[in-house]
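# Understanding the architecture of this molecule
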Amino acid sequence: MIYFSMGPLGADSEELHIQLTLPPMKPRFRDFSYISDINSCLYRIKSSSWAKFGTVDELLTRGICGVGAFEEAPARRSATPQGLEARSNGEKSRADDDGTAQMVKLDDGEMMMTNWRPAGGPVVSNTPIVNTFFLTSPSSLSPKSALLTFLILTCVKWLLVPSYRSTDFDVHRNWLALTRHVDLSNWYFDDINGTTVHTLDYPPLFAFFEYALGNNPVTSRMLDNGWLDERCLESLPDSLCNDPPPSDECVKFQRGTVIFVGDVIFFVGSYLATKAMSTLGEDGCERASSYFTFVSLVSNPGLIMLDHVHFQYNGMLLGVLLISISCMVRGAAEASSSSSSSSSSSSSLQTTDRRRWELLSAATFAGLLAMKHLYLTLAPLYLFYLLGRHCFVVVTVEDTRDVNNSNDNYKSDERTTSELLRFSWSRLLPLAGVSLLCFSGPFVPFLIQLNPGGQMRQILKRLFPFGRGLVHDYWAANVWALYLFVSKIATLVLRKAPMIMSGSIRGCLEYVIPFPEPPPRLIALLLLIGLWPSGINMAWKVGRWSLTKPLCNPGKFFIHATVFCSMSSFMLGYHVHEKAIMTAIVPMTLLASNTRHMARLFIRTCMFGLFGILPLLFRAEELLFKATLYIGWMCGVIFALETIHLDNVGGNRRRTVLTTVDIASFVILACALIFMDIVHPLIFVPSGMLEFLPLLITSVVCAVGLVWCWLESYRLMIFGSVRIAWR
Amino acid sequence: MSPLPLLHASIISFAILLRIMVGYHPHSGQDDYQGPTRQDSPPRDDPSSSSASRVGKYGGDYEAQRHWMEITTHLPMSEWYYHDLEYWGLDYPPLTAYHGRLFGWIAHAAGSSYGSFVGGNDDDASMRARGGRGEEECGGGGLNHACRASGNGGLASLGDLVALHTSRWGYEDTVGKMYMRFTVLISDVLVYFTAVWVLVSRLASEEAYEDGGMEEGVPPDERRDDDANVRTSSSSSTRVMGRRPHLLLVALCQPAIVLIDHGHFQYNTVSLGLALWSFHYMTLADPSFVRPIVGSVFFALALNFKQMELYHAPAVFAYLLGRCFRHDDGDRRGITLGRTLARFSALGMTVALTFATLWLPFAMYPGNDDATGFNVDGLVQVLTRLFPFQRGIFEGKVANIWCAMSVRPFSIRDRIPPTLLPLAALVMTLALISPPCWILFRVGRGDLLDPSGADDEMSSRSSQPRRPKGRNDDIIALLWGSASTSLAFFLASYQVHEKGILIPLAPISMLMVDAPRFVVYFSVVATWSLWPLLVIDRLTDAYVCCLLIFLCIDGMARIEASESSSYEKEVDIFSDVYITRYAPTFSWILIILLHLLDLMFSPPHNLPDLFPVLWSLVGCGLFCVAYLGTLWAMVKRTSSNKCQGKIQQPRAKRKISSTSSIPVMSILGVLLVSCSREIEGFLSPSTCCQKNIRIVSHHIKLRESSTRHDIDGFITQDLVNRALRPLEWERRNAREAEPVLNLSARDSDTSSLAVRADEVKYLMKDDTNWTSGHLWQVTEQHLTDMGILSRSETTLSPVHVLTIAPQLLRMPTSQVVDAARLLMSYPCGANSTAVIEGDPSLLTYLADDLQYGLEEYLPNMMFLGNRTHAAQMIQTQLKLSPAFALRLIKMGVDGGLEERSVSRALGNAGKASGKAVEGVVGEMGRSLMEWKRKKGGKGSLGG
């Protein structure tokens, strides 16, 4: 365990207390991720008012601050104030076991210098931490800098108004017209000739969102003033070939809805989530990089390309998801503080706070589900986590009769024998009520129509179009892409192969190859298998343990689990779009600055996932734009993470986030990009050969990378956050 | 490896991204759109349009540039400047034409080879890729990949883009536009970005040195030996690391430059980048004078790309002229007329050669065949194309003096006959550019270098390694100066158009280190002044976005500065003069107010041009303030040494008086004085340049003190008074001069027993010889000859020396020279001025004392009597921690003095007592003699 403590020195320096949890030094879990935590603590020192007295190592060596790092309790404990003393009496062994850090404020001038070095890793880096324009000074996210960042990004997005827009632009425009002009009962039936491609296929709440965009005072005022032409809000013909392009005002209006409605929600969500992360958990060190977290959330190039060039509303949906996550994290933070005080009776106020946060989270998520059914794969996680965590109460048991009566007991630990978990219906009912209300509320107007059954069937048919096939016509970079790729290769080999193999084997193979396309049910089963033992099961357990055990961090675990479940659904889902990877990347951003492993995973996921989005902007005009955006953002993020996780092994060697593998994959991706956008259109397109080769290469390369990321995210979820909690 | 390059890559990517995104917006004259109000009126005035041919033109600058590509690609050189001048005739210098030919040729080659294109044996793959995709076809399907282009029109349309004649009247397709945008971008990145990168590295590194940089080789351990300096050095150095990205961002995201080049469509960044490159090379110190010559070649290229670079030319010329006179490093022979002439002619030759190379083709291609084959007409034609004097004094509504003065109450165009207008413009411009040119000439000569070490005792106490400071003073002065001259041209010269404001903007945007608030102010005003033009180009959205991005970047830097730097407050306190705080605010309010007015009210019918006129009036005022600001900044950076120059070279004094006889100068002076206080505020750096502030304040103090004595420059009464203050050793000697043992003294002749100290005479004598400064002049001359004082790079200026050791004013020359010689040779016989540089007050000691202190006392006390060891120690310490070394030296000298004075006192005492004894004995003897005489007399009497 490690603590930093600095007393006030002079008038203008504050006291600085930092505490830090280290994982127990068991050989099995010895990854040196905590070193980055230490570094982020150093970062905090750096950004405090102490920084003006010198660099961190100067501070350390000059002895202004004391750094104590112990593997075991120091002998001088009696000299320290009460907090440590109390610990040292009865709970010494436990404190050392679970590695909970103690913040010890020493009397001024009292120093504890113990040169504790874990095997193979230094505590303090030798180089002064790089102070840079972006990262250090606004280290803690202030509303002012957040606002400035938002303003810059808004300007960037507004500059993109005249750039390329896909057919999704027309789709959303048509939905707006549909909800504006057509009667509600026909919203999901509007397909006059059966030929239009702009059918409404999002859940009802999104339809109401479009309705609100078309029918609000601002829009009507614009229409009245002649700023917006009525044609913009008219339904589109089935074929756009003869339709004149929309006016500039129309484009600006549609883009404006994304920027000023969708992105404001995303901004709010990012801000809340970042703030929640900074209050998360017992170590205050997360705060050091919250500015980074915020900036990399809101400036995600994937969202810029998808929402502001390609035209969609992903930012809004992800913003709602982030709000939900932030509520959950806050609930977790409340709980962990209450449980660590281990007096459940006195923490009733905190419990109600916690309940409110969790209810809010569930409600937001239910609303999100009613906007976009893509997030359905996260629903089991929410369900089981909340069941385990929200619906159980801790009871301090006087007699054993209660134990027998309660239908599900969990005897947590020998230390807390007096505390039992009891399932509480009074908790479950509000939870279920709120969630169901938020989810099914938007469906109600359709249910009160003439034929509610027909409406629901039609909605479901639109939402789950199983006829579309296993993969999108541009393969998303998932397991199925690999599957189909192998299938194609096998077909090719089989066709080209001479008659070397005997007829019978060949016949058998011809029967199997090309591989059969798995039916949707099988895929649903696979998905469930992918989610169940790891994500859902773990969520259930962690949710309940977190009540009685001073866990490392249920909130952190929850984000990990969100990331993993999103990855799983991306990998195994049916007819997945390439943009679904954003559901994993966005929550992962929250964790990126935690440990070096997480940072590495984040960089790799972004590298492959965002690369998979690049082919969406296929015009030559956007080639330079997307390449610059991708490269620039990746460079910025890698730089930031390298700086956050900076540490010196000694001498000139430095442990970096980026490894040789990453650099090699960057080279591969660069080659793929050059082939896709320069070589291929020049050489193959004129002759019409191999039209889909670049897309195939892109999705296969990205699929290989992302499969690794998927497994790694599983490992990190289990070992990074759960095992620490397991003891 | 450090991750910092990643950050730089990210920033550069952002700058490129900004340009690409602005490029999505319409270019000038797209679809022949000529502004919201003048749908049917002829195209608005444009720099590249000729006045006679307003009818029957299409588009704007974009079409002009495309047309030039087409001309240069397909026509022989002799026709370039003759071809169909009515339709966007070529009127830029030859380098632009070559540049257009290069890109036109590429497009043509790509387009024409595309038809027969089979395999990939082309050199220019990337270029083809730009056109490789056709336009988006109407897919109709919901899946956007159905729209994936299979269009073959792409590259062929590139060929059409530059097809002669057929492409006329606005060939605008998306691929063509993209290609044109790409040519701007690639030129921008290759020329401007590199120039900015080089300059920013240079300027940021200077910051590092000045603030006690730790980048270079000073390990932290050695820095820690001096407690007082550890924190400043470490905190400031970390700040410095954060400054380079910031400088890069500011310089590369200049909204005006981005909007004009990548929105409106021009190739300004090429000429600006070449100019910045030339500034970079010119200001590098180089005794062999090669680098200034390279710089001049660059500048000639810039001039040949766009004639508007002439705005910078006076500054460059003045500076280079000064450089010809410079006494460079390692050049001890002094500057002779021959060397100056050689340098000057070398410069002239290279520039002439560059010009000749570029222009010769136009003369060699015979228009009408001559016997000589040399065709002057071609050159004349180019020149008349470049400088169309018939077009009037200004175009459209430009924010310059002439435009502002031609509004109704002044209506200058009616009062002065049009034939005189060019002359008036010339006179006015000359008057405005002469002060910056004069200063730049002095800077170039090297006698105006800013002694950043001239700040009071701080520098002598600082433990930082004394680096050759001010090695970037040249570049900063040149940047200010070129900004100043180009602003003068913009304000007062003939035939100006709005885009001319980019020319001062480019150097100013590099000056974020010096005056951040001024840079922001000027950038915003410059961008704002382009608003009427951008409205016509339909770039208003881009304008708002770029401006906001720029301001937000600045705001974030400000937040960073206020959070990380504890010096911010001090800076603010200093710059808290009331007017300075409100002057920029006032202009912001004005700007916003005008924008709001423009947005909300349409102009009355009888005044359709109300808003452009308002724009030019207000803009003229703001630019005048900016011009005065640049001038003031130059004066500020160089003022403290002006007087020094006067003393050093009497010739210079005469020149000043002769130039100041020009009445304009005096008017300007009055203006300057009245405005200087006002501008000071936003010139003063807001972020962490407390060092500069200190210098500035010091300079101001010095200037104030110097103005009191007009005749003799800086030798003020104050200085004389301070010089009269006795030195420590003088005081001691004086004390010693009083007799230690005054045992004797009954008679008058006993006073001769006391040892008289001759040195006291300096103190007592009120000699007019030194108060008038003549003595010091001689001393300074000697010191200069020894290479101590006038060395331009080491900034050991006489003012600095005298500030620290005023007593030198009255020291006899020979004594000072002896001391200096000793000090120069001190550590291990190295011939360096490091010690004197560290503490000039050492010069006031007697050479004898110094020698004893350094060679006897110090080794005896600290190094076991080993002299070489001591000297070596001092030498190494001088490199590592000069403050410590100086402390050692001081200790040695003072200790030596002490020791010797004590021993002298003892000796004196002994001598005195001896004399006293002698006296007593003598007296006794005398009395004995007398007695004897008496006795003898008696004896004789008796005997």
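Going by the annotation in an unreviewed UniProt entry, the name recorded for chain B is dolichyl-P-Glc:Man9GlcNAc2-PP-dolichol alpha-1,3-glucosyltransferase, with Cyclostephanos tholiformis given as the source organism. On record in UniProt, under Subcellular location (unreviewed entry), the comment for chain B is "Endoplasmic reticulum membrane". UniProt, in its Pathway (unreviewed entry) section for chain B, records the words "Protein modification; protein glycosylation."

Chain A is annotated in an unreviewed UniProt entry as Alpha-1,3-glucosyltransferase of Cyclostephanos tholiformis. Its UniProt record gives chain A a comment under Pathway (unreviewed entry), which states: "Protein modification; protein glycosylation." Per its UniProt entry, chain A bears the Subcellular location (unreviewed entry) comment "Endoplasmic reticulum membrane".

Let's shift gears to the state of the cysteines. In the structure shown here, the tally under the stated rule is 1 disulfide over all chains. Put simply, Cys232 of chain A and Cys250 of chain A are joined by a disulfide, and their sulfur atoms are 2.0 Å apart. Taking the sign of the torsion about the S-S bond as the criterion, the disulfide between Cys232 of chain A and Cys250 of chain A, at about 70 degrees, is right-handed. Note that Cys232 of chain A is positioned in the loop between α8 (217-224) and α9 (248-279) and Cys250 of chain A in helix α9, a separation of 18 residues in sequence. Across the pair, exposure class does not vary: Cys232 of chain A and Cys250 of chain A are buried alike. Unpaired in this structure, Cys253 of chain B has its nearest cysteine sulfur neighbour in Cys546 of chain B, at a distance of 8.6 Å.

Per the counting criterion, the structure on display carries 15 salt bridges over all chains. As a salt-bridge pair, Arg323 of chain B and Asp474 of chain B come within 4.0 Å of each other at their nearest N and O atoms. Taken together, the residues Arg323 of chain B in helix α13 (residues 313-324) and Asp474 of chain B in helix α20 (residues 473-492) connect sequence positions 151 residues apart. A single burial state applies to Arg323 of chain B and to Asp474 of chain B, both of which are buried. Several salt bridges share partner residues, and in doing so they unite Arg619, Glu621 and Glu622 of chain A into one network.

A few words now on the environment of Leu378 of chain A. Residues and elements named next belong to chain A. Relative to the assigned elements, Leu378 resides in the loop between α13 (348-371) and α14 (379-390). Taking the relative accessible area as the measure of exposure, Leu378 reaches 1% and is therefore buried. For the pair Leu378 and Ser326, spaced 52 residues apart in sequence, the C-alpha separation works out to 15 Å. Every residue in contact with Leu378, bar those within four places of it in the chain, is listed here: Leu321, Phe365, Thr562, Cys565, Ser566 and Thr583.

Criteria and cut-off values
Residues numbered from 1 in each chain as written. Chains lettered and ligands numbered in written order. Predicted model: local features only at pLDDT ≥ 70, side-chain atom pairs only at ≥ 80, totals over all residues. Heavy atoms only, no water. UniProt positions renumbered as here; feature names shortened; annotations may be inferred. Disulfide = S-S within 2.5 Å. Helix = DSSP H or I, 4+ residues; strand = E, 2+ residues; numbered from the N terminus. Buried < 20%, exposed > 50% of the residue type's maximum accessible area, 1.4 Å probe, protein only. Salt bridge = Lys/Arg side-chain N within 4 Å of Asp/Glu carboxyl O. Contact = heavy atoms within 4.5 Å.

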